[in-house]
Amino acid sequence: MTRRRRPALAALGALALALLIAAPAIGQSRNPGERPAENSVEAGLWAEADKAELVSRRSAAHIDDDALNAYMKDVACSVAPEYCSEIRIYIMERPLFNATASPNGWVEVWTGLLLTASNEAELAAVIGHEIAHFEENHSVEALQAAKRRQAAAMALSLGVAVAGAVAIGNTADPSLAGSIADLTSILIDATYYSAVAMHFAYSRENEEEADRIGLKRLQAAGYDPAAAADLWRALVDQTGQSEFRSIRMAGARFSVFNTHPATADRIEAIDRFSQSQNASGGPKALNRERYRAAIRPHLLRWLRSDLQRRDWGMTIATVDRLAKANEDLGVLEFIRGEAHRRRNKADDLQRAFEAYRAASGHPDAPPETFRELGDLARKQGDREVARASYRRYLATTPEPADAWLVRET
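Asker: Kindly report on the environment of Glu368, identifying the contributing residues and their values.
Answerer: Inspection of the secondary structure assignment puts Glu368 in helix H16 (residues 368-379). The spatial distance from the C-alpha of Glu368 to the C-alpha of Thr396 is 9.2 Å, given a sequence separation of 28 residues. Excluding anything up to four places from it in sequence, Glu368 contacts Arg304, Phe334 and Tyr393.

Asker: Report on the packing of aromatic side chains, specifying residues and quantitative values.
Answerer: Throughout the structure, instances matching the rule amount to four aromatic pairs. When the ring of Tyr83 is compared with that of Phe134, the centres are 5.6 Å apart and the planes differ by 85°; the resulting orientation is edge-to-face. In this pair, Tyr83 sits in the loop between helix H3 (66-79) and strand E1 (88-92) while Phe134 sits in helix H5 (residues 120-135), placing the two residues 51 residues apart along the sequence. Here Tyr83 falls in the buried class, since its relative accessible area comes to 2%.

Asker: Describe the state of the cysteines, and please don't skip the residues or the numbers.
Answerer: Counted by the stated rule, this structure contains one disulfide. Across the disulfide, Cys77 is cross-linked to Cys84 (sulfur-sulfur distance 1.9 Å). Its torsion about the S-S bond being 65°, the disulfide of Cys77 and Cys84 is classed as right-handed.

Asker: Summarise the pattern of salt bridges; cite the residues concerned and give the values.
Answerer: Should the charged atoms of two oppositely charged side chains come close, the side chains can pair. The final tally for this structure, using the stated rule, is 31 salt bridges. Residues Arg288 and Glu327 are paired through a salt bridge, measuring 3.3 Å at the closest nitrogen-oxygen approach. Of this pair, Arg288 sits in helix H11 (residues 288-295) while Glu327 sits in the loop between helix H13 (312-323) and helix H14 (329-343), and the two are 39 residues apart along the sequence. Taking the relative accessible area as the measure of exposure, Arg288 reaches 23% and is therefore partly exposed. Here Asp375 and Arg371 are joined by a salt bridge, their closest N and O atoms 3.1 Å apart. Here Arg371 and Asp375 lie together in helix H16, a separation of four residues that amounts to about one turn. The structure contains a network of salt bridges with shared partners spanning Arg288, Glu289, Arg292, Arg296, Glu327 and Asp328.

The rules behind the values
Residues numbered from 1 in each chain as written. Predicted model: local features only at pLDDT ≥ 70, side-chain atom pairs only at ≥ 80, totals over all residues. Heavy atoms only, no water. Helix = DSSP H or I, 4+ residues; strand = E, 2+ residues; numbered from the N terminus. Contact = heavy atoms within 4.5 Å. Phe/Tyr/Trp six-rings, centres within 6.5 Å; stacked < 30°, edge-to-face > 60°. Buried < 20%, exposed > 50% of the residue type's maximum accessible area, 1.4 Å probe, protein only. Disulfide = S-S within 2.5 Å. Salt bridge = Lys/Arg side-chain N within 4 Å of Asp/Glu carboxyl O.

Purely spatial values, then, with no claim about function.
Written out as structure tokens, the structure reads:
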């Protein structure tokens with residue numbers, strides 16, 4: 001009986017293995033204006049994306065600012081003019097570095113990314129990358145791959161389970177039967193995680209393709225493609241200064257669930273592309289001033305949201321990069337002071353005092369700057385600076401709730 005079963009089990013295992021290593025289905029590039037056929041897999045994805053888009057549109061995090069939205073749309077149209085009418089950019093006030101594209105043309109860009117970017121070319125690199133996902137139907141490919149891996153993993157797990165049961169049934173040694181059962185369980189788990197790993201490796205292929213297409217779009221639009229690598233270097237620098245070890249180590253830690261290429265590999269690939277384009281000449285714009293003008297009205301609010309993460313090191317690194325332009329220093333030095341004051345380690349309070357004092361010399365310093373400067377000066381015993389700061393606070397803040405306390409000081 002055992003001999004008759006073995007060929008069938010071997011065939012089942014071979015079939016499952018073939019499914020697991022089969023090349024992923026490659027979707028066709030999307031033509032401008034093209035919509036999915038009814039009752040297709042993609043049509044189902046679009047329907048789900050439409051529902052999710054509505055949730056994002058109604059979300060309190062959605063920034064519904066006409067000027068900023070028009071600017072973002074203009075950048076998107078510059079890198080993908082043929083898809084201009086189909087792409088919707090939603091800016092979400094979330095203090096994390098993230099952007100996502102959906103199969104129906106809806107793209108989210110989070111404010112954490114907008115604070116990390118220092119010019120329009122860096123923003124265009126991200127948008128071009130996300131539109132490449134839309135253009136190449138990567139969401140359809142990912143869904144097809146996931147279904148195939150899941151089916152293959154189930155088939156192989158079934159084969160392993162049946163083989164284990166047969167082996168256990170054919171041995172009279174209880175200890176050996178237990179070992180076979182343990183091995184069977186391990187193999188089933190290994191089969192599952194292998195399928196997961198292969199699926200996410202395939203997703204990394206999508207990411208690499210989106211990088212290549214996005215860089216070509218960036219170049220064609222007249223932007224400097226080197227800006228894409230600069231943005232990733234900035235992210236590496238920020239995460240390297242995080243208060244949390246898990247975040248500092250994230251760039252070096254390999255995981256099967258990391259769908260993007262390794263950061264160092266990604267930067268190297270972008271650098272190679274940029275260097276290959278140097279000889280081609282033509283404009284290589286960054287548009288730093290235009291970008292800063294677009295985000296300036298929102299800078300203080302976004303940075304306040306960034307402080308809510310309580311990752312003071314990353315906030316300070318963000319301020320450092322933004323301050324290189326020597327603009328908006330009242331806002332930036334105030335946020336720097338807030339990060340040091342709230343962390344309150346070693347010499348943080350002295351650093352906070354210096355940052356508040358630097359901010360106070362600029363017309364865009366928030367009124368709270370003078371209140372915090374006054375408090376720290378009072379703690380240091382400098383009542384003259386404290387009183388002058390409090391007076392400026394009262395003069396710049398109409399009827400503050402804590403006016404009585406300030407006047408008592």
